[in-house]
Amino acid sequence: MKKARKRPAVVQAYRLGEENSVVDELTAEGEIRLRGDGTFEVFSTEAVGTKGEIAHTGDYIKLDSYGSPYPNSAEYFEKNHSHIAAEFYEQRSNEVSVWMYGDPMCPEIRYLMENRHLTFHEDDPDKYFRAPLWGTILYAAKDAVIVFYRIVRDESDQITDEEFNFVERKEFDKTYELLSDG
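Definitions and limits used
Every chain's residues receive numbers from 1 upward, in the order its sequence appears when written. Thresholds applied to this predicted model are a pLDDT of at least 70 for local features of residues and 80 or more for the giving and counting of side-chain atom pairs; totals over whole chains, interfaces and linings are not thresholded and use all residues. Remark: hydrogens and water are excluded; side-chain values derive from all non-hydrogen atoms of the structure. We call two N or O atoms a polar contact when they sit within 3.5 Å, provided that within protein one can donate a hydrogen and the other can accept it, with sequence-adjacent residues counted only if both atoms are side-chain atoms. Strands are runs of DSSP state E lasting at least two residues, helices are runs of H or I lasting at least four, and both sets are numbered from the N terminus onward. Two distance rules govern patches: like charges are joined within 9 Å, and nonpolar side chains (Val, Leu, Ile, Met, Phe, Trp, Tyr) within 5 Å, applied only to residues with over 30% relative accessible area and no salt bridge. Accessible surface area values rest on a Shrake-Rupley calculation with a 1.4 Å probe, where residue burial reflects the displayed protein chains alone. For this document, the term salt bridge refers to a Lys or Arg side-chain nitrogen within 4 Å of an Asp or Glu carboxyl oxygen. Whether a residue is buried, partly exposed or exposed follows from its accessible area with a 1.4 Å probe, protein chains only, as a fraction of its type maximum: under 20%, in between, or over 50%, in that order. Note on pairing: DSSP must find at least two bridges between two strands before they are called paired. Side-chain rings of Phe, Tyr and Trp (the six-membered ring for Trp) are treated as a pair once their centres are within 6.5 Å; stacked means planes under 30 degrees apart, edge-to-face means over 60, and tilted covers the remaining angles. Buried residues of nine kinds, namely Ala, Val, Leu, Ile, Met, Phe, Trp, Tyr and Cys, make up a nonpolar core once their side-chain atoms join them within 4.5 Å. Contacts: residue pairs with any heavy atoms within 4.5 Å of one another.

Asker: Help me understand helix H1 (residues 21-28), please; the structure alone is not making it clear to me.
Answerer: Owing to its 3.6 residues per turn, the α-helix aligns residues three or four sequence positions apart on the same side. One side-chain oxygen at the N-terminal end of H1 lies 2.7 Å from the backbone nitrogen of Val22; it belongs to Asn20. Taken from the residues just after H1, Gly30 is the one with a positive phi, measuring 85 degrees.

Asker: Sorry if this is basic, but what is going on with a nonpolar patch on the surface here?
Answerer: Together, Val10, Ile84 and Phe88 give the surface a local cluster of nonpolar side chains, amounting to about 270 Å² of exposed area. With respect to the secondary-structure elements, Phe88 resides in strand S9 (residues 88-91). The class for Phe88 is partly exposed, based on a relative accessible area of 34%.

Asker: I'm lost on the pairing of strand S12 (residues 129-133) in this one. Help?
Answerer: Each regular strand displays side chains that alternate between the two surfaces of the sheet. Most of S12 sits inside the fold, with four of its five residues counted as buried. Summarising the sheet, strand S11 (residues 119-120) and S12 pair through two bridges and their orientation is antiparallel. Among the inter-strand pairings, Thr119 is bridged to a residue of S12, identified as Arg130. Across five bridges, the pairing between S12 and strand S13 (residues 136-140) is antiparallel. Bridge pairing in S13 places Pro132 opposite Ile137. Adjacent in sequence and paired antiparallel, S12 and S13 are bridged by two residues, among which Trp134 carries a positive phi angle near 55 degrees.

Asker: Is there a simple way to think about the packing of aromatic side chains in this case?
Answerer: Under the defined criterion, the tally for this structure stands at 13 aromatic pairs. Their ring planes at 80 degrees and their centres at 4.9 Å tell us that Phe77 and Tyr89 sit as a pair that is edge-to-face. Here Phe77, found in helix H2 (residues 74-80), pairs with Tyr89, found in strand S9; they are twelve residues apart in sequence, far enough to count as distant. Its relative accessible area of 1% is what places Phe77 among the buried residues.

Asker: Mind showing me how you'd approach the nonpolar core here?
Answerer: Ile109, Leu112, Leu118, Phe129, Ile146, Phe164 and Phe166 are the most contacted members of the largest nonpolar core, which totals 19 residues. Elements with a contribution of two residues or more to this core: helix H3 (107-115), S12, S13, strand S14 (145-153) and strand S15 (159-167). If we ignore the near neighbours within four places in the chain, the residues touching Ile109 are Trp99, Leu118, Phe120, Ile146 and Phe148.

Asker: Looking at this structure, I do not really get the pairing of strand S10 (residues 95-100). What am I missing?
Answerer: Counting buried positions along S10 gives five out of six residues, so the element sits mostly inside the fold. As judged from the four bridges shared by strand S1 (residues 2-6) and S10, these two strands associate in the antiparallel manner. Paired with Lys2 across the bridge in S10 is Val98.

Asker: Before we go on, may I ask you to explain the side chain of Thr136 in this structure?
Answerer: By the element assignment, Thr136 lies in strand S13. Residue contacts for Thr136: discarding those within four places in its chain leaves Lys51, Gly52, Glu53 and Ala131.

Asker: Teacher, can you tell me more about the environment of Asp59 here?
Answerer: The topology assignment puts Asp59 in the loop between strand S5 (53-55) and strand S6 (60-63). Residue class for Asp59 comes out buried when judged on its relative accessible area of 8%. In contact with Asp59, not counting residues within four places along its chain, are Tyr14, Arg15, Leu16, Asn72, Ser73, Ala74 and Trp134. Within polar-contact distance, the side chain of Asp59 engages the backbone nitrogen of His56 at 2.9 Å.

The structure is reproduced here in structure tokens:
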């Protein structure tokens, strides 16, 4: 697999459940919905259809380069961002593993197929990748990138868990940099 990292950046983020005009505006536009159980549905670029990604009070919403919201769990966000002022945060640049269509099959993708219900759909290049993530089924185009935030292995080097998501290719190219192998 290839290695990449987010380009260092200052981002704007908003905590769900706190008073905020940006979250209010996204809610009014239908891009964020408060559900009856107190959770939120966030309609990211990858949340196609009538179900959004499920987020909880205290989780953060960031906007991608197109202005679409996407959730970050509070734990992940706080571990990977430093608060600067108001809604501005410095995003730390951690190395991640990435996989793209055309890359060789690898154990990490096989694990997702066998254990996390990742599927590929040649007949639908706009929804080529599909997987249950954030409480819904997310879709991504064939040119999207699968980003692995965490890969857990046991003492015999077998994969026991993975945290991943789809990143639309144009967004990946704007916000990540591939690292050289050598």
